[in-house]
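Structural overview
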Amino acid sequence: MHNELEQAAPLYLHIAKDLRERIEAGEFPLDTLLPPEPVLCQQYQCGRVTLRTAVEMLAQRGFLTKKQGRGTLVTTPAWLADNTLPVGFSEKMTQAGLAHHTQVVRFEQCPVTPEQAQKLGLNASQRVIILERLRFVEQHPALYEITVLPAERFATLNRQHVEQHGLYHTLAHDFNLLSMQAQDDYRPCIAPAPMAALLQLEHQQPCIEIVRLATSHGQPFEFTVSYTNTEHYPLRFRYLRG
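Residues numbered from 1 in each chain as written. Predicted model: local features only at pLDDT ≥ 70, side-chain atom pairs only at ≥ 80, totals over all residues. Heavy atoms only, no water.

Going by the annotation in an unreviewed UniProt entry, the name recorded for the chain is GntR family transcriptional regulator, with Hafnia paralvei given as the source organism.

Below you can see the structure in the form of structure tokens.
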């Protein structure tokens, strides 16, 4: 039934879905122009009105921007461009009006562990990228993040780009990862000794552990475990829309 409903959907919905998939596959990279209308109309065997409706749908979601006299530009999607929809650390701190910066402590490829393989859907022979970052809020160490990414998928991930622009912007711009869902689970814990020292926690001082699993189109791409110094890391965020 689901496939039948999809097949019965208007043509512009199919075109919008296919264009978005082509963008996310890297066929149309960010900051480049889509092929001209006549080319796309021929590819999709449709009229200009139908194509423009599909393009407008993607423009409303931030994937495309019409440029007068130039064409249609592939652009940063709304979830990356809109700070009222905070996803990463920098966006959250910016919205909260807090000064912040990040220190990359570790960036290397390693063999996958059983837990990482289970979370990311990898086999035991695959490798992962380990990205560890110490986050500062108002000059105080507030968050220690251990992020695990599939090495095969992000083999050319650039440490400098991550340091300068943040992980999610780098994954979007360098790998066209433009859609994501993430779940954060919070629980009290005692941080491992090395992280506790970096966060300036007292011996056996409880902290909050945050576990994030992020997916794109149902495929896991990020597994992150974070430890917080709750004296400096706010756990209340207000999300605004409109």
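Quick word on the state of the cysteines
Stated formally: In what follows, a disulfide is any cysteine sulfur pair within 2.5 Å. Throughout, exposure labels follow a simple rule: accessible area from a 1.4 Å probe, protein chains only, divided by the maximum for the residue type, with under 20% read as buried, over 50% as exposed, and the rest as partly exposed.
Inspection of every chain in the model, using the stated rule, returns 0 disulfides. Free cysteine: Cys-41, not disulfide-bonded; nearest cysteine sulfur from Cys-46 at 4.4 Å. Cys-207 carries a free sulfur, and the closest cysteine sulfur to it, the one in Cys-189, is 3.7 Å from it. On the basis of relative accessibility, which here comes to 2%, the residue Cys-207 falls in the buried class.

A few points about the sheet that holds strand β4 (residues 127-137)
As a reminder of what qualifies: Note on pairing: DSSP must find at least two bridges between two strands before they are called paired. Under the DSSP-based scheme used, a helix requires at least four consecutive residues in state H or I and a strand at least two consecutive residues in state E, with every element numbered from the N terminus. Every axis in this analysis is a line fitted to C-alpha atoms, fitted for helices over the stretch in contact. Angles between the N-to-C directions lie between 0 and 180 degrees. Contacts are residue-level and defined by heavy atoms, with any inter-residue pair within 4.5 Å sufficient.
Spatial strand order, β3-β4-β5-β8-β7-β6: 6 strands in an open sheet with antiparallel pairing. Edge positions in the sheet fall to β3 (100-111) and β6 (181-190), since each of these pairs with one other strand and no more. When strand polarity is set aside, the average angle formed by the axes of neighbouring strands in this sheet is 15°. Where strand β5 (residues 140-150) and strand β8 (residues 219-228) come together, 6 bridges link them in antiparallel fashion. For Ile-146, the partnering residue across the bridge sits in β8 and is Val-225. The strands touched by helix α6 (residues 89-96) are β3, β4, β5, β6 and β7 (206-216); relative to β3, the strand with the most contacts, the crossing angle is about 170°.

As for the side chain of Asn-229
Looking at the secondary structure, you find Asn-229 in the segment after β8. Relative accessible area serves as the criterion here: at 2%, Asn-229 is assigned to the buried category.

Looking at the packing of helix α2 (residues 11-24) against helix α3 (residues 37-44)
Convention followed: Oblique is the label for any angle not under 35 degrees, not over 145, and not in the 65 to 115 range, which are roughly parallel, roughly antiparallel and roughly perpendicular in turn. Helix crossings get a hand from a simple test, with the near helix turned counterclockwise from the far one by less than a right angle marking a left-handed crossing and a clockwise turn marking a right-handed one.
Closest axis-to-axis distance for the α2/α3 pair is 12 Å, and the angle between their directions is 110°. Regarding the angle of α2 to α3, the classification is roughly perpendicular. In terms of crossing hand, the pair formed by α2 and α3 is right-handed. Contacts between α2 and α3 pair Leu-11, Ile-15, Asp-18, Leu-19 and Arg-22 from the former with Leu-40, Gln-43 and Tyr-44 from the latter.

Remarks on the pattern of salt bridges
Basically, it comes down to this: Salt bridges, as used here, are contacts in which a Lys or Arg side-chain nitrogen is within 4 Å of a carboxyl oxygen on Asp or Glu.
Scanning the model with the defined rule gives 14 salt bridges in all. Two residues, Glu-145 and Arg-135, come together in a salt bridge whose shortest N-O distance is 3.0 Å. With Glu-145 in strand β5 and Arg-135 in strand β4, this residue pair connects regions lying 10 residues apart in the sequence. Neither Glu-145 nor Arg-135 differs from the other in exposure class; each is buried. Salt-bridge contacts for Arg-212 lead to Asp-184; the nearest nitrogen and oxygen are separated by 2.6 Å. Placement of Arg-212 in strand β7 and of Asp-184 in strand β6 is noted, with a sequence separation of 28 residues between them. Classification of Arg-212 as buried rests on a relative accessible area of 11%. Each member of the salt-bridge network shares a partner with another, and the members are Asp-18, Arg-22 and Glu-27.

Description of the pairing of strand β2 (residues 71-74)
Relative to β2, strand β1 (residues 64-67) runs antiparallel, the two being bridged by 4 bridges. Bridge assignment links Thr-65 to a residue of β2, and that residue is Leu-73. Adjacent in sequence and paired antiparallel, β1 and β2 are bridged by 3 residues, among which Gly-69 carries a positive phi angle near 80°.

Some words on the nonpolar core
The condition that has to hold: Nonpolar core, defined: a set of buried Ala, Val, Leu, Ile, Met, Phe, Trp, Tyr and Cys residues in which side-chain atoms within 4.5 Å join the residues together.
Grouped together as the largest cluster of nonpolar side chains are 22 residues, with contacts concentrated most on Val-128 and Tyr-227. Of all the secondary structure elements, the ones that give two or more residues to this core are α7 (114-120), β4, β5, α10 (193-198) and β8. At 4 residues, the largest contribution of residues to this core is made by β4. When near neighbours in sequence (up to four residues on either side) are disregarded, Tyr-227 contacts Ala-142, Leu-143, Tyr-144, Ile-146, Cys-189, Ala-191, Pro-192, Met-195, Leu-199, Cys-207, Ile-208 and Glu-209. Judged by nonpolar contacts, the second largest core, of 21 residues, contains Leu-19, Phe-28, Leu-34 and Leu-51.

Section: the packing of aromatic side chains
The test is simple: Paired rings are identified among Phe, Tyr and Trp, the last through its six-membered ring, by centres lying within 6.5 Å, and are further divided according to the angle between planes into stacked (under 30 degrees), edge-to-face (over 60) and tilted (the rest).
For the structure shown, the criterion picks out 2 aromatic pairs. Ring geometry for Phe-89 versus Tyr-233: centroids 6.4 Å apart, planes at 10°, classification stacked. With Phe-89 in helix α6 and Tyr-233 in the segment after β8, this residue pair connects regions lying 144 residues apart in the sequence. Their ring planes at 85° and their centres at 5.1 Å tell us that Phe-154 and Phe-175 sit as a pair that is edge-to-face.

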